[in-house]
Amino acid sequence: MANENPFKSILKKLEKADGGEFGKYYSLPALNDPRIDRLPFSIRILLESAIRNCDEFQVKSNDVEKIIDWENSSPKQVEIPFKPARVLLQDFTGVPAVVDLACMRDAMNNLGGDSNKINPLVPVDLVIDHSVQVDVARSENAVQANMEFEFQRNKERFAFLKWGSNAFHNMLVVPPGSGIVHQVNLEYLGRVVFNTNGVLYPDSVVGTDSHTTMIDGLGVAGWGVGGIEAEAAMLGQPMSMVLPGVVGFKLSGKLRDGITATDLVLTVTQILRKHGVVGKFVEFYGEGMSELSLADRATIANMSPEYGATMGFFPVDNVTLQYLKLTGRSDETVSMIESYLRANKMFVDYSEPQAERVYSSYLELNLEDVEPCIAGPKRPHDRVPLKEMKADWHSCLDSRVGFKGFAIPKESQSKVAEFDFHGTPAQLRHGDVVIAAITSCTNTSNPSVMLGAALVAKKACELGLQVKPWVKTSLAPGSGVVTKYLEKSGLQKFLNQLGFHIVGYGCTTCIGNSGDIDEAVASAITENDLVASAVLSGNRNFEGRVHPLTRANYLASPPLVVAYALAGTVNIDFETEPIGLGKDGKKIYFRDIWPSNEEVANVVQSNVLPDMFKATYEAITKGNPMWNNLSVPSGTLYSWDPKSTYIHDPPYFKTMTMSPPGPHGVKNAYCLLNFGDSITTDHISPAGSIHKDSPAARYLMERGVDRRDFNSYGSRRGNDEIMARGTFANIRIVNKLLGGEVGPKTVHIPSGEKLSVYDAAMRYKREGHAMVILAGAEYGSGSSRDWAAKGPMLLGVKAVISKSFERIHRSNLVGMGILPLCYKTGEDAETLGLTGHERYSIDLPSSVSEIRPGQDVTVTTDNGKSFTCILRFDTEVELAYFDHGGILPFVIRNLIHAKH
């Protein structure tokens, strides 16, 4: 049981300059341990949390010692518990989290426990931001029109979340239409330092979106976890993690004129992918830090998932404090933050000599070496320098189908598709831009790139350039602040003139919420098999994510998005070819519309003001009329509606008993799917539109839902029936059992029939067969998505055997009771001669006490093959979850036992 904190002797008062006190804090200097001065700042945050939460039960003194001795212990992959200060949810993951909490209350009730014990024990911030579909674009009325559509489609989900905000304590819900979760977190929710009941401690956060890391730019330790882990953290469970290595990334110099934060982050992403930072923290330092605005830091921190790190951390310094004041945090709050962090050796003052800190490995980048670039056409780390873009595009057309190839025959590459666009003759070619979106948390929180885009628009309009009417242009700011400074600067009208009207405040094109493209354009693309292009200021461009008809998707800075929209194609060399013809037929070049850094800085300086942030976030807390008018049921237990196609009571606890089921091996399982490398969570559990011929569509139509009301998979994550049918329903999935055919199908091995993945899985279940999945490297990369683990579990998948797993996805599989196995180095399905037509058995001991994290297990097949895999339970806690059949049953049983 929990004991009193053994570190209570280092609880010190933090005095104010005027003689009062801010509160008490656990003082790291009071430990008088010289090892602490050498620790990276990111590790000090883990250390403080362990000391403050030490009860010799969930967190032990030995855990504190492991963290203090980080320099020696981190190479040994030691396990530590971590209790974040808060949890951050967005609606796509918030709905299933609240569904699970409601479901857990029911289970607790049924097992005779106190259902009101199921409450968040740490603050939960839930921002509704993922439901904005770009139905209406290029219109002055786009925001209101899209918001009305959003409420029509999502009224039931929104009402459910509103019920949750009333039924559960400690939960703040930010209404729809407010902004993107990570920008709202940066500008408003981020505390930097908490003061709870008179105890001060650093803000830290885990979030159910992988880009939670954006808050690392503010000096708040935060990263993405699966929805399953987040729910456990909400319920007071310590997160078990391997004490990470920390890569020290030194920045020097300053960015050259015309270079954007997006160019920098794409460069950093490529460097870090090459270095290999999966499972590690990256901590930035060096004299170049003083040249990076907070928004630039947040842009780099945001893309941690794309470079593979758990965090890209920027310790708090004077730049952070200036940003806190800019965004409307009070002087008293900022003074408290600075005083606490200085007293606890968590503040960097670059005007003072820097103590030497130790890192696991070191990297360096001179900011002057960064050049303009974009990334694509299918992965965020495939950076292309702008000057090489035209050549790279032609190489992609030539190359065989892959991450950098479309295999378009030479004779077809110059094909011109003639079509009629609402009475106007029009043409499309390979590489033509049909979607140009200023979108995504990565860039919309950065005033320099947003106002930079507006300056490009102004220059283009003044020179007489226009965007072709069939390019679907959109602007989706991450908060209302952006609108305020674009309006004040007088530049929004130029964006409007080019079709970049504001469409809403939330996650749009980057998550797949691009909405439809014009039917005439869609027909021209499909009938002529064109490789059409999207250019977006996002962070993800995996195939099939942005829009089903844009096979080439490029990530670019907001000003470059405007430039490519004007050019109308990615098949252009901006240095030598004109973007278009201006007034009087004059050729206009890229250099004619590109603003200097000084121009951008002047506009930012005079138009981004603290009052804008205050006004925006005061309005958030009041809600909006549509939200405020939603009527919701009262009561702490949810009344499930069996007819609902949005919110459904999942079956996780239907057969739950007080005794854990124990570990299970796998016997004679069939292979449901056989994959190659880089299967993303978008492949496993798509968030975008529901295809008309899919099992999910069939389910909805059987229940009288019209096709136009299908909405997206992401919006229906509160319904397990739909999400199970949507598992592996990505139209771009490649399953080796189908011999390279693209599409969401598989082979039912016993009959040889080709079926949808869901139908095949249900047939196996009816026949009493277990299933496994074979995969290559980086299985489960991309967004942290709990349904990418919940879905396979509901299908009946018992194990995934791959070359490697993405960090969050592996832990999600464990959380749902699925075995993650890795081939031995140098081995995979091909080298072992596995086709996926075999049956697989995995032998495990019947008691969890006989299983060790990371141990070898033997896999045998029915045709006499036998090979060894590594069991990827990485910690003792993960073994306990497996013993209980998953993390949520583990939590319920522990809470019930706690009353005794």
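So, here is what we can say about the structure in this document. (Residues numbered from 1 in each chain as written. Predicted model: local features only at pLDDT ≥ 70, side-chain atom pairs only at ≥ 80, totals over all residues. Heavy atoms only, no water.)

1. Details of the overall build of the protein
Turning to step 1, where the next piece is worked out: Tallying secondary structure elements over the protein gives 31 helices and 34 strands in all.
Turning to step 2, where the next piece is worked out: By the compact-globule yardstick of 29 Å for 900 residues, the protein fits well, its C-alpha radius of gyration being 27 Å.
Turning to step 3, where the next piece is worked out: Once the C-alpha set of the protein is aligned to its principal axes, its extents read approximately 85 × 80 × 55 Å.
Turning to step 4, where the next piece is worked out: By residue count, 64% of the 900 residues in the protein fall in the buried class.
Turning to step 5, where the next piece is worked out: Within the protein, contacts between residues separated by at least 24 positions form 75% of all contacts whose residues are at least 6 apart in sequence. (Helix = DSSP H or I, 4+ residues; strand = E, 2+ residues; numbered from the N terminus. Rg over C-alpha atoms; globule rule 2.2 N^0.38 Å. Buried < 20%, exposed > 50% of the residue type's maximum accessible area, 1.4 Å probe, protein only. Contact = heavy atoms within 4.5 Å.)

2. As for the environment of proline 120
Turning to step 1, where the next piece is worked out: Structurally, the position occupied by proline 120 is in the loop between helix H4 (91-110) and strand E5 (124-127).
Turning to step 2, where the next piece is worked out: Residue class for proline 120 comes out buried when judged on its relative accessible area of 4%.
Turning to step 3, where the next piece is worked out: Ignoring sequence-local partners within four residues, the contact set of proline 120 consists of Phe168, His169, Asn170, Met171 and Met234.

3. Structural notes on helix H22 (residues 610-622)
Turning to step 1, where the next piece is worked out: Compared with an ideal rise of 1.5 Å per residue, which puts 13 residues at 18 Å, H22 spans 19 Å between its outermost C-alpha atoms and is within 8% of the ideal.
Turning to step 2, where the next piece is worked out: Those residues of H22 that sit buried are Met612, Phe613, Thr616, Tyr617 and Ile620. End-on, the buried residues of H22 take up no more than an arc of 110°, which puts them together on one face. Seen from the buried face of H22, the exposed residues on the opposite side, beyond 90 degrees, are Asp611, Thr621 and Lys622.
Turning to step 3, where the next piece is worked out: Elements in contact with the buried residues of H22: strand E6 (171-174), helix H6 (181-189), helix H11 (318-326), helix H16 (480-488) and helix H21 (597-607).
Turning to step 4, where the next piece is worked out: In the segment just after H22, glycine 623 is the residue with positive phi, at about 75°. (Expected span 1.5 Å × (residues − 1). Arc of directions from axis to C-beta.)

4. Concerning the environment of valine 78
Turning to step 1, where the next piece is worked out: Mapped onto the secondary structure, valine 78 falls in the loop between helix H3 (70-73) and strand E3 (79-82).
Turning to step 2, where the next piece is worked out: Along the backbone, valine 78 and threonine 868 are 790 residues apart, and their C-alpha atoms lie at a distance of 24 Å.
Turning to step 3, where the next piece is worked out: Residues within four places of valine 78 in sequence aside, it is in contact with Lys66, Ser73, Met241, Val242 and Leu243.

5. Quick notes on the side chain of threonine 299
Turning to step 1, where the next piece is worked out: Here threonine 299 shows up in helix H9 (residues 294-302).
Turning to step 2, where the next piece is worked out: When residues no more than four places from it in sequence are discounted, the contact partners of threonine 299 are Ala261, Val265, Thr442, Asn443 and Asn446.

6. Considerations on the sheet that holds strand E30 (residues 797-802)
Turning to step 1, where the next piece is worked out: Pairing in this closed barrel of seven strands is mixed, and the strands run E26-E29-E30-E31-E34-E33-E32 around the ring. Adjacent strand axes in the sheet meet at a mean angle of 40°, parallel and antiparallel pairs treated alike. (Pairing = 2+ DSSP bridges. Axes fitted to C-alpha atoms, helices over the stretch in contact; angles between N-to-C directions.)

7. Looking at the sheet that holds strand E7 (residues 193-196)
Turning to step 1, where the next piece is worked out: Ordered in space as E1-E2-E8-E7, the four strands form an open sheet in which the pairing is mixed. Whereas interior strands pair on both sides, the edge strands pair on one side only; in this sheet they are strand E1 (11-15) and E7. Geometrically, the sheet is characterised by an average inter-axis angle of 40° between neighbouring strands, direction not taken into account.
Turning to step 2, where the next piece is worked out: Looking at chain direction, strand E2 (residues 21-26) and strand E8 (residues 199-202) are connected through two bridges and run parallel. Considered in E8, the bridge of lysine 24 is made with valine 199.
Turning to step 3, where the next piece is worked out: The strands that helix H1 (residues 41-52) touches are E2 and E8; relative to E8, the one it contacts most, it runs at about 145°.
Turning to step 4, where the next piece is worked out: On the sheet, helix H12 (residues 331-343) packs against E1, E2, E7 and E8 and is oriented at approximately 35° with respect to E2.

8. Overview of unusual backbone geometry
Turning to step 1, where the next piece is worked out: For the peptide bond that leads from glycine 376 to proline 377, omega is 10°, which places it in the cis range.
Turning to step 2, where the next piece is worked out: Residue position: proline 377 is located in the loop between strand E16 (373-375) and strand E17 (383-385).
Turning to step 3, where the next piece is worked out: In this model, glutamine 77 sits at a positive phi of 60°, which is unusual for a non-glycine residue.
Turning to step 4, where the next piece is worked out: Among the structural elements, glutamine 77 can be located in the loop between H3 and E3.
Turning to step 5, where the next piece is worked out: If you check the backbone angles, serine 678 has positive phi at about 55° while not being a glycine.
Turning to step 6, where the next piece is worked out: Positionally, serine 678 belongs in the loop between strand E26 (666-674) and helix H24 (681-684).
Turning to step 7, where the next piece is worked out: Among the residues examined, serine 678 registers a relative accessible area of 12% and is labelled buried.

9. Focus on helix H25 (residues 695-702)
Turning to step 1, where the next piece is worked out: Three or more residues of H25 are buried, namely Pro695, Ala696, Ala697, Tyr699 and Leu700.
Turning to step 2, where the next piece is worked out: Turning to H25, the residues buried within the fold contact helix H26 (720-726), strand E28 (753-756) and helix H27 (757-766).
Turning to step 3, where the next piece is worked out: Phi turns positive, to about 80°, at glycine 704, one or two residues after H25.

10. Some words on the pairing of E1
Turning to step 1, where the next piece is worked out: Across five bridges, E1 lies against E2 in antiparallel orientation. Each bridged residue has a counterpart across the sheet, and for leucine 11 the counterpart in E2 is tyrosine 26.
Turning to step 2, where the next piece is worked out: Hairpin connection of E1 to E2: five residues between the antiparallel strands, including glycine 19 at a positive phi of 105°.

11. Points about the packing of helix H8 (residues 261-275) against H9
Turning to step 1, where the next piece is worked out: Two numbers describe how H8 lies on H9: the axes approach to 9 Å, and their chain directions differ by 35°. Considering how the two elements wind past one another, H8 and H9 form a crossing that is right-handed. Of H9, the residues touching H8 (which contributes Ala261, Leu264, Val265 and Val268) are Asp296, Thr299 and Ile300. (Left-handed = near helix turned anticlockwise from the far one by under 90°.)

12. Concerning the side chain of threonine 213
Turning to step 1, where the next piece is worked out: Structurally, the position occupied by threonine 213 is in the loop between strand E9 (204-207) and strand E10 (221-224).
Turning to step 2, where the next piece is worked out: For threonine 213, a relative accessible area of 1% corresponds to the buried category.
Turning to step 3, where the next piece is worked out: Engagement of the side chain of threonine 213 in a polar contact is seen with the backbone oxygen of alanine 301, the distance being 2.9 Å.
Turning to step 4, where the next piece is worked out: In this structure, threonine 213 is in contact with Gly222, Trp223, Ala301, Asn302, Ser304, Pro305, Thr310 and Met311, ignoring residues within four places of it in sequence. (Polar contact = N/O pair within 3.5 Å; in protein donor to acceptor, adjacent residues only side chain to side chain.)

13. Some points on the environment of leucine 549
Turning to step 1, where the next piece is worked out: Here leucine 549 lies in the loop between strand E22 (533-536) and strand E23 (552-555).
Turning to step 2, where the next piece is worked out: In the structure, leucine 549 is positioned 241 residues away from glycine 308 in sequence and 28 Å away in space, judged by C-alpha atoms.
Turning to step 3, where the next piece is worked out: Each residue touching leucine 549, except ones within four places of it in the same chain, is listed here: Ile517, Ala522, Ile525, Thr526 and Ala532.

14. Some words on the packing of H6 against H22
Turning to step 1, where the next piece is worked out: Their axes nearest at 11 Å, the elements H6 and H22 cross at an angle of 110°. Comparing their axes, H22 and H6 come out roughly perpendicular. Mapping the contact onto sequence places Gln183, Val184, Glu187 and Tyr188 in H6 and Phe613, Tyr617 and Thr621 in H22.
Turning to step 2, where the next piece is worked out: Among the residues making up the contact of H6 with H22, the classes are represented as four nonpolar, two polar and one charged. (Parallel < 35°, antiparallel > 145°, perpendicular 65-115°, else oblique. Nonpolar A, V, L, I, M, F, W, Y, C, P; charged D, E, K, R; others polar.)

15. With respect to the pattern of salt bridges
Turning to step 1, where the next piece is worked out: Overall, the coordinates contain 48 salt bridges when judged by the stated rule.
Turning to step 2, where the next piece is worked out: Among the ionic pairs, aspartate 63 bridges to lysine 66, the shortest N-O distance being 3.7 Å. Note that aspartate 63 and lysine 66 are positioned in helix H2 (residues 61-68) at a spacing of three residues, about one turn of the helix.
Turning to step 3, where the next piece is worked out: Salt-bridge contacts for lysine 824 lead to aspartate 856; the nearest nitrogen and oxygen are separated by 2.9 Å. Of this pair, lysine 824 sits in the loop between strand E31 (819-823) and strand E32 (839-842) while aspartate 856 is found in strand E33 (residues 856-861), placing the two residues 32 residues apart along the sequence.
Turning to step 4, where the next piece is worked out: By relative accessible area, which is 27% here, lysine 824 ends up partly exposed.
Turning to step 5, where the next piece is worked out: The partly exposed category is assigned to aspartate 856, whose relative accessible area is 43%.
Turning to step 6, where the next piece is worked out: Here the residues in one salt-bridge network are Asp33, Arg35, Glu65 and Asp69, joined through shared partners. (Salt bridge = Lys/Arg side-chain N within 4 Å of Asp/Glu carboxyl O.)

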